[in-house]
Amino acid sequence: MRKLSLAVAAFALGATAALAEQQFYHTTEGTPLDLDLAKEEGRDTEAVKEFLDTGVNLYVEDPEVLPEGEDLYLTMCSGCHGHYGEGKIGPGLNDAYMSYRSNETDVGLFATIFGGASGQMGPNYSTLTLDEILKVMAWVRHLYVEDPADAVWLTPEQREEFTPFDPDADGGGDSEE
């Protein structure tokens, strides 16, 4: 009887550990993503480890990381999604409407950036490291212009302090002097 109890406990611990890891699925195909395709560099940062375990992006609203996220976004994403996520040939990213509902969560947004989606949105696992993807995601989330109460990716604490993005205050926009 004791051996059976130990076996059940070991199974339960293994099942719990397996549930702790995030599962990532292709945004439009629904197939599992192979994270082994990612670049070797940028896999072992604290932020990547935390994200892969919990789905929480430590870089969201981190002022130390946002400038690099912005640079990566401007290089890799703004041509289609606009400088401020307003949308161009690709959908807007700075409001509550998401072309793919899964992008409301950081796990979903990660899957879209990593594995691509439909149209011209190809996979970015060969051009960005896992760490860089998290930084781009942080910048995309920073560009949000609507009510923080609708930003499901923000923690309750972040919602309290979040200020919607204003391109004019950031030095951009088309305001005249």
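Every value quoted in this text rests on a predicted model; they were computed, and no experiment measured them.

J.: Can you walk me through helix 5 (residues 106-115) in this structure?
T.: Since one α-helical turn is 3.6 residues long, residues separated by three or four positions face the same way. Of all ten residues in helix 5, ten are buried, a share of seventy percent or more. Inspection of helix 5 places Asp106, Val107, Gly108, Leu109, Phe110, Ala111, Thr112, Ile113, Phe114 and Gly115 among the buried residues, and these make up the whole buried set. Check the buried side of helix 5 and you find it contacts helix 2 (46-54) and helix 6 (130-142). Within two residues after helix 5, glycine 116 carries a phi angle of roughly 85 degrees, on the positive side.

J.: Got a minute to help me understand the packing of aromatic side chains in this structure?
T.: Applying the stated criterion across every chain yields a total of nine aromatic pairs. Ring centres of phenylalanine 24 and phenylalanine 110 lie 5.0 Å apart, and the angle between their planes is 55 degrees; on these two criteria the pair is classed as tilted. Here phenylalanine 24, found in the loop between helix 1 (2-20) and helix 2, pairs with phenylalanine 110, found in helix 5; they are 86 residues apart in sequence, far enough to count as distant. In this structure, phenylalanine 24 and phenylalanine 110 share a single accessibility class: buried. Ring geometry for tryptophan 139 and phenylalanine 165: centres 6.2 Å apart, planes at 75 degrees, overall edge-to-face.

J.: Explain the pattern of salt bridges here, please?
T.: A side chain with one charge may pair with a side chain of the opposite charge, provided their charged atoms come close. The tally for this structure, following the rule as stated, stands at five salt bridges. Two residues, glutamate 104 and arginine 101, come together in a salt bridge whose shortest N-O distance is 3.7 Å. Put simply, arginine 141 and aspartate 106 hold a salt bridge, and the shortest N to O gap is 2.9 Å. Taken together, the positions of arginine 141 in helix 6 and aspartate 106 in helix 5 put the pair 35 residues apart, joining distant regions of the chain. Summarising the burial analysis for this pair, arginine 141 and aspartate 106 share the class buried.

J.: Would you mind showing me how to read the nonpolar core here?
T.: Side chains that are nonpolar tend, in soluble globular proteins, to be buried together. Core analysis: the biggest nonpolar cluster contains 31 residues, and Phe110, Phe114, Leu134 and Met137 have the highest contact counts within it. Among the elements that make up this core, the one with the highest residue count is helix 6 (eight residues). With seven residues, the next largest nonpolar core counts Val60, Tyr144, Ala151 and Trp153 among its residues.

Calculation criteria
- Residues numbered from 1 in each chain as written.
- Predicted model: local features only at pLDDT ≥ 70, side-chain atom pairs only at ≥ 80, totals over all residues.
- Heavy atoms only, no water.
- Buried < 20%, exposed > 50% of the residue type's maximum accessible area, 1.4 Å probe, protein only.
- Helix = DSSP H or I, 4+ residues; strand = E, 2+ residues; numbered from the N terminus.
- Contact = heavy atoms within 4.5 Å.
- Phe/Tyr/Trp six-rings, centres within 6.5 Å; stacked < 30°, edge-to-face > 60°.
- Salt bridge = Lys/Arg side-chain N within 4 Å of Asp/Glu carboxyl O.
- Core = buried A, V, L, I, M, F, W, Y, C linked by side-chain atoms within 4.5 Å.

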